[in-house]
Amino acid sequence: MGAHASNTKRIWQVFIYLSILTIVEVVLGIYKPDALFHNSLLNLSYLNWIFIILTIVKAYYIMWAFMHLEGEKSSFRWSIVAPMVFLIAYLACLLLIEGDYIHDVFKTSSMRWMF
């Protein structure tokens, strides 16, 4: 019974941690604070950087908790986690760059928004 209780406690810890991160993302996405939304770093708003970083942290924590990586050797953990971190960051940056390009095309061209 002791092992079952500790697993249940661990599941609740993971649930609460991921819920807090998700709630922070949702609140920031709804309110879009002007200080974060209208200032930028490397051509991306601080708000976008926060979303990217929180997404990477959540992905890492999901892999850490649900793939049971906390008990593995460091080199094995990094062989699994590092490619995922880089792929998520690459995908997020690619989506932001392409979205910005499409926005600029519709904003500056003679084409009109169709949606």
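Reading the values: rules and limits
Residues numbered from 1 in each chain as written. Predicted model: local features only at pLDDT ≥ 70, side-chain atom pairs only at ≥ 80, totals over all residues. Heavy atoms only, no water. Helix = DSSP H or I, 4+ residues; strand = E, 2+ residues; numbered from the N terminus. Rg over C-alpha atoms; globule rule 2.2 N^0.38 Å. Buried < 20%, exposed > 50% of the residue type's maximum accessible area, 1.4 Å probe, protein only. Areas by Shrake-Rupley, 256 points an atom, 1.4 Å probe, with all protein chains shown as cover. Salt bridge = Lys/Arg side-chain N within 4 Å of Asp/Glu carboxyl O. Phe/Tyr/Trp six-rings, centres within 6.5 Å; stacked < 30°, edge-to-face > 60°.

### Some thoughts on the overall build of the protein chain
On a plain count of helices and strands, the protein chain comes out with 4 helices and 2 strands. Traced from its N-terminal end to its C-terminal end, the protein chain shows the element sequence α-α-β-β-α-α. For 115 residues, the compact-globule estimate of 2.2 N^0.38 gives 13 Å, and the C-alpha radius of gyration of the protein chain, at 19 Å, exceeds that figure by more than 25%. Each principal axis of the C-alpha atoms in the protein chain carries an extent, and together these give about 70 × 30 × 25 Å. Every one of the 115 residues in the protein chain was classed for burial, and the buried ones make up 18%. Surface exposure of the protein chain reaches about 8800 Å², of which carbon and sulfur atoms provide 71%.

### A closer look at the pattern of salt bridges
Under the definition given, this model contains 2 salt bridges. Residues Arg 10 and Glu 70 are paired through a salt bridge, measuring 2.8 Å at the closest nitrogen-oxygen approach. Of this pair, Arg 10 sits in helix α1 (residues 2-31) while Glu 70 sits in the loop between α3 (46-66) and α4 (74-108), and the two are 60 residues apart along the sequence. Glu 70 gets classed as partly exposed once you look at its relative accessible area, which sits at 33%. A salt bridge links Glu 25 to Lys 58; its shortest N-O distance comes to 2.9 Å. Here Lys 58 lies in helix α3 and Glu 25 lies in helix α1, a separation of 33 residues in the sequence. On the accessibility criterion, Lys 58 (17% relative accessible area) is buried.

### Here's the deal with the packing of aromatic side chains
Under the criterion given, the structure shown has 3 aromatic pairs. When the ring of Tyr 17 is compared with that of Tyr 61, the centres are 4.4 Å apart and the planes differ by 55°; the resulting orientation is tilted. Of this pair, Tyr 17 sits in helix α1 while Tyr 61 sits in helix α3, placing them 44 residues apart in sequence. Judged by its relative accessible area of 33%, Tyr 17 is partly exposed.

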